[in-house]
Amino acid sequence: MKNGIYHLGLAAIAVLCLLCIFGAFLGAENARAFFNSIPLAVWWIGFTVLLGGAIVVFRALHKRPMLLLIHAGCILILLGGLWGSRAGQKMTASITDKPWIEPCYLKLYPGRQSSTAYRTTDGQPLDLGFSVGLNDFQIHYYGNPVTVLFIQSDLGQWDIPPAKGADYLLSAQAGKVRVLETFSNLKIRMENGKPVASEGPAVESNPAWLLEFVSPDDKVTQQFVFEKFSGHAMPGYQFLVTPQKRGMVRDYISDVQVFRDGQPVAAKQIEVNYPLHYAGFHIYQDSWGQDESGQYSVLQVVPDCGVRLVFGGYFLLTIGLSGHFARKINSLRRLRKCS
Amino acid sequence: MQLKYSNEGLLIYAMMAVVAVGLVLRVIRKKQAAVFVAVIACLVGLTAWIMRWIAVEHIPMQNMFEVFLTLGVFLLPVGLAARRFTGIDPPSDGLGDFILTLIILFPAGFVFSDAPQKLPPALQSPLFGPHVAVYMLSYVLMAKAALQAGLGLYHHCTGCKQLNAHSPCEDYELSAYLLVCLGFPLLSLGLFLGSVWGKLAWGDWWGWDPKELWSLACWLMYLFYFHWRYLFRQKMPRTNCVCVILGLVFIIITLLWVNLSNVFRGMHNYAS
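Reference entry: report on the structure contained in this document. (Residues numbered from 1 in each chain as written. Chains lettered and ligands numbered in written order. Predicted model: local features only at pLDDT ≥ 70, side-chain atom pairs only at ≥ 80, totals over all residues. Heavy atoms only, no water.)

1. Side note on the overall build of chain A
For clarity, the threshold we go by: We count a stretch as a helix when DSSP gives it H or I for four or more residues in a row; a strand needs E for two or more, and each element gets its number in order from the N terminus. Radius of gyration means the value over C-alpha atoms here, while the globule rule gives 2.2 Å times the residue count to the 0.38 power. What makes two residues a contact is simply this: any of their non-hydrogen atoms within 4.5 Å. Positive charges come from Lys and Arg alone, negative charges from Asp and Glu alone, with His and the N- and C-terminal ends not counted. Charge placement uses NZ in Lys and CZ in Arg. For Asp and Glu, CG and CD serve respectively.
If you tally the helices and strands in chain A, you get 7 helices and 17 strands. Whereas a compact globule of 339 residues would reach a radius of gyration of roughly 20 Å, chain A reaches 30 Å, over 25% beyond that. Principal-axis analysis of the C-alpha atoms gives chain A an extent of 100 × 55 × 40 Å. Restricting the contact set of chain A to residue pairs at least 6 apart, pairs at least 24 apart contribute 50%. A gap of 21 Å separates the mean positions of the 31 positive and 25 negative side-chain charges of chain A.

Following this line, the structure appears as structure tokens:
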């Protein structure tokens, strides 16, 4: 019986090793699906039961606390993995009668808050049960980033430098563009019933550019572009122009507050590697973007099911492995010296 | 294949030359002189490593060039420490360290690009240094173990006919085992630190990424080896040795193939 279990365990390790190699050829997404499929779920449960059985059956393990810690650690990791899997979370939610919230994304503009997130798997909206507000969003660069004017239309996308002067040919269909004026602090006043643009007082700042587009049939249109109001559009504007900073990003930081029933319950400056933990969820800085409403931050919301078990398992394994192998090396050294 | 004329590149070539001298001294059994030369080689390598750190403003373990530079610079001192720690001092071991250092420094000097890179946000973590350093350390130990295992296999074919109580094959097998005993906790710690870091940076402690799966396959290979060896002890020394060598093969695949090939696309493809 004992021998049988040991051989079974040895075979199980070999099979798992081969499964990992097979999974490595699938790519991350397919491998995730493969290792979460029903036959593999049966395998994982069987593997955990086998390990548990081994701990009960093998008395030798009970006399060696370090080896016991190692095997118990492995069981914790497997249990944490089972609990944290999609199926495990779904089952937990149905047992505890709580809504099941899958990993999802929040798209937030500075100064706004939202309790609606979008599921990572299919983009379906779901209610978090709490709302997340973005106070501020900052991108830090290595060195000074270069500002470009990013031009979009149905005909294509282009970057042009924001300096006054030269003509740029966008394409044969889209025509040409030129930066007519640059303003560090644009103000508009009315003169004889016509709006006139000029520099305002130096205390404020309103960087802006005046662009002139010339279509292939020589139709001239002028467009204002504002750094602080990147979605600015007027009737007759054919291009969406947004000033963008280009450079190697050092960090991006969302200053976030969590509200439940209108009351603030948690707050943190979320950075990559430093998520916010609240009510069984980790909220991560995922990415950012820019559209006609301005710059936004994308946050990822992930339930923390099973994570403590897994990390607890790592802890037990680390202690067990160091203790066990330190003893092993010492005794082997002594054996060698004697012989 | 390209020559590097940067300060780090020239220092790598200098270190390779010094290591080659050490190797020759070791072969002609001038042991003391070889140790002295090894120390000089390490100092040259360490200078290159520190200069690289200052130039890129982060611990030089980000891309393939930096990883191989680190491995090459620290292999000799780690080898020495491992000899002290495990009590293994077969005549082959010091020789092996010189050869391994040359093999590892070669791609750093001639293959991988040394263009400096800034750290993207995900790599700016306090876990970056420990995760990579612990893995490097365990890889060096596993490489040394595989060398011992290889010698064990070789001597099994040639020298085990005389039925001594202590055949050289068994000796090598035991040396390999001791080194794996030393490397395995570090390999595990590297895996755990990586997983914790993955949770903090990417939101998941396990992402089924090809590199993650290969590193788990390595871990399981050694796990299999320990259970196999517990069952059969030294009755099948050749199989034990093959397990240790397979472990290193898996490590090389994890380290190189996954980063360089297009077969395994994933989040760890930082070297391309």
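Past the structure itself, the notes keep going.
2. Section: the interface of chain B and chain A
Rules: Each reported salt bridge corresponds to a side-chain nitrogen of Lys or Arg within 4 Å of a carboxyl oxygen of Asp or Glu.
Tallying the contact residues gives 61 residues for chain B and 55 residues for chain A. Put simply, chain B and chain A have 1 salt bridge between them. Ionic pairing is found between D204(B) and R32(A), a salt bridge with its closest N-O pair at 3.4 Å. Ranked by residues supplied to the side of chain B that touches chain A, first place goes to helix 6 (residues 168-202) of chain B with 19 residues.

3. Re the packing of helix 2 (residues 31-56) of chain B against helix 3 (residues 64-86) of chain B
Residues and elements named next belong to chain B. Formally: Angles shown run from 0 to 180 degrees and are taken between the N-to-C directions of axes, each axis being a line fitted to C-alpha atoms and, for helices, limited to the stretch in contact. Angles are sorted into four bins: roughly parallel if under 35 degrees, roughly antiparallel if over 145, roughly perpendicular if 65 to 115, and oblique for all others. The handedness criterion is simple: a crossing whose near helix is rotated anticlockwise from the far helix by less than a right angle is left-handed, and one whose near helix is rotated clockwise is right-handed. We call Asp, Glu, Lys and Arg charged. Ala, Val, Leu, Ile, Met, Phe, Trp, Tyr, Cys and Pro are nonpolar, and the rest, Gly among them, are polar.
Packing of helix 2 against helix 3 brings their axes to within 9 Å, and their N-to-C directions diverge by 150°. Taken together, the axes of helix 2 and helix 3 lie roughly antiparallel to each other. Crossing hand, helix 2 versus helix 3: left-handed. The residues of helix 3 that touch helix 2, namely those facing A38, A41, C42, G45, L46, A48, W49, R52 and V56, are F65, E66, L69, T70, V73, F74, L76 and P77. Its residues assigned to classes, the contact of helix 2 with helix 3 shows 13 nonpolar, 2 polar and 2 charged.

4. A look at the nonpolar core
Spelled out, the test is: In these notes, a set of buried Ala, Val, Leu, Ile, Met, Phe, Trp, Tyr and Cys residues joined through side-chain atoms within 4.5 Å is what counts as a nonpolar core. Partly exposed residues are those whose accessible area sits between 20% and 50% of the maximum for their type, while under 20% is buried and over 50% is exposed, using a 1.4 Å probe and protein chains only.
F184(B), W219(B) and L220(B) are the most contacted members of the largest nonpolar core, which totals 131 residues. Among the elements that take part in this core, helix 6 of chain B stands out by supplying 16 residues, more than any other. Aside from chain neighbours lying at most four places away, what touches W219(B) is C74(A), F184(B), L187(B), S188(B) and L191(B). Core analysis: the second largest hydrophobic core is formed by 26 residues, L106(A), V132(A), F281(A) and L299(A) among them.

5. Details of helix 5 (residues 65-84) of chain A
Think of an α-helix as 3.6 residues a turn; residues three or four steps apart then line up on the same face. Threshold: To estimate how far a helix should reach, multiply one less than its number of residues by 1.5 Å.
The end-to-end C-alpha distance of helix 5 of chain A, which contains 20 residues, comes to 28 Å, matching closely the 28 Å that a straight helix rising 1.5 Å per residue would cover. Among the residues of helix 5 of chain A, those classed as buried are L67(A), I70(A), H71(A), G73(A), C74(A), I75(A), I77(A), L78(A) and G80(A). Its buried side turned inward, helix 5 of chain A meets helix 3 (38-57), helix 4 (59-63) and helix 7 (307-338) of chain A together with helix 7 (210-232) of chain B.

6. Focus on the packing of aromatic side chains
Inclusion rule: Stacked, tilted and edge-to-face pairs are distinguished by plane angle, under 30 degrees for stacked and over 60 for edge-to-face with tilted covering the rest, among Phe, Tyr and Trp rings (Trp via its six-membered ring) whose centres lie within 6.5 Å. Ring-over charges, as used throughout, are those where CZ of Arg or NZ of Lys falls within 6 Å of the ring centre and within 35 degrees of the ring normal.
Applying the stated rule across the entire model yields 36 aromatic pairs over all chains. Taken together, a centroid distance of 5.8 Å and an interplanar angle of 35° make the contact between Y6(A) and Y230(B) tilted. Placement of the pair is Y6(A) in helix 1 (residues 2-26) and Y230(B) in helix 7, with the two residues belonging to separate chains. Given a relative accessible area of 39%, Y230(B) falls into the partly exposed group. Among the aromatic residues, those joined into a ring-pair cluster are F22(A), F34(A), F35(A), W44(A), W206(B) and W208(B). Against the face of Y296(A) rests K107(A), its NZ or CZ located 4.4 Å from the ring centre. R229(B) extends its terminal NZ or CZ atom over the ring of Y177(B), reaching a point 3.7 Å from the ring centre.

7. Things to note about the sheet that holds strand 5 (residues 156-160) of chain A
Residue and element names in this part refer to chain A. Spelled out, the test is: When DSSP finds two or more bridges between two strands, those strands count as paired.
Reading across from one edge, 5-4-12 is the order of the 3 strands in this open sheet, with antiparallel pairing throughout. This sheet does not close on itself; its edge strands, each paired only once, are strand 5 and strand 12 (240-246). Averaged over all adjacent pairs, the angle separating strand axes in this sheet is 25°, with direction ignored. Inspection of the sheet shows strand 4 (residues 146-153) paired to strand 12 by 7 bridges, in the antiparallel sense. By the bridge assignment, V146 is partnered in strand 12 with R246.

8. Some remarks on the environment of F22(A)
Residue and element names in this part refer to chain A. Locating F22 in the fold gives a position in helix 1. Looking at F22, the relative accessible area reads 43%, which means it is partly exposed. In sequence terms F22 and F34 are 12 residues apart; their C-alpha atoms lie 10.0 Å from each other.

9. Quick word on a positive patch on the surface
How we decide: Patch definition: residues above 30% relative accessible area lacking any salt bridge, with like charges linked at up to 9 Å and the nonpolar side chains Val, Leu, Ile, Met, Phe, Trp and Tyr linked at up to 5 Å. Computed by Shrake-Rupley with a 1.4 Å probe, the accessible areas treat only the displayed protein chains as cover when residues are assessed.
A cluster of basic side chains, namely R64(A), R327(A), R233(B) and K235(B), defines a positive patch on the protein surface. Inspection of the secondary structure puts R64(A) in the loop between helix 4 and helix 5. By relative accessible area, R64(A) is classed as partly exposed at 33%.

10. Focus: the environment of Q152(A)
Mapping Q152(A) onto the fold places it in strand 4. In this structure Q152(A) comes out as partly exposed when scored by relative accessible area, which is 26%.

11. A word on the sheet that holds strand 15 (residues 276-278) of chain A
The antiparallel open sheet is built from 8 strands, whose spatial order is 14-13-3-2-1-17-16-15 (chain A). For this open sheet the edge positions go to strand 14 (263-271) and strand 15 of chain A, each flanked by a neighbour on one side alone. Each strand axis lies, on average, 35° off the axis of its neighbour in the sheet, ignoring direction. Pairing analysis gives 5 bridges linking strand 1 (residues 104-108) of chain A to strand 17 (residues 294-303) of chain A, with the strands arranged antiparallel. Paired with Y105(A) across the two strands is Q300(A), which belongs to strand 17 of chain A. Against the sheet, helix 6 of chain B engages strand 16 (281-291) and strand 17 of chain A, with an angle of about 50° to strand 16 of chain A.

12. Here's the deal with the pairing of strand 17 of chain A
All names here are of chain A. For strand 17, a buried count of 9 out of 10 residues is recorded, marking the element as mostly surrounded by other parts of the structure. Across 10 bridges, the pairing between strand 16 and strand 17 is antiparallel. Within the sheet, the bridge partner assigned to F281 lies in strand 17 and is P303. Linking strand 16 to strand 17, which pair antiparallel, is a turn of 2 residues.

13. Describing the side chain of D251(A)
Among the secondary structure elements, D251(A) is positioned in strand 13 (residues 249-260). Residue contacts for D251(A): discarding those within four places in its chain leaves Q138(A), I139(A), H140(A), E271(A), V272(A) and P121(B).

14. A look at the pairing of strand 2 (residues 113-119) of chain A
Looking down a regular strand, the side chains alternate between one sheet face and the other. Residues and elements named next belong to chain A. In this structure, strand 1 lies alongside strand 2, joined through 2 bridges in antiparallel fashion. Across the sheet, C104 pairs through a bridge with R119, a residue of strand 2. As consecutive antiparallel partners, strand 1 and strand 2 are separated by 4 residues, and within that stretch G111 has a phi angle of approximately 85°, a positive value. Note that strand 2 and strand 3 (residues 125-141) share 5 bridges and pair antiparallel. Within strand 3, the position partnered with A117 by the bridge is L126. Between the antiparallel neighbours strand 2 and strand 3 lie 5 residues, among them G123 with a positive phi of about 75°.

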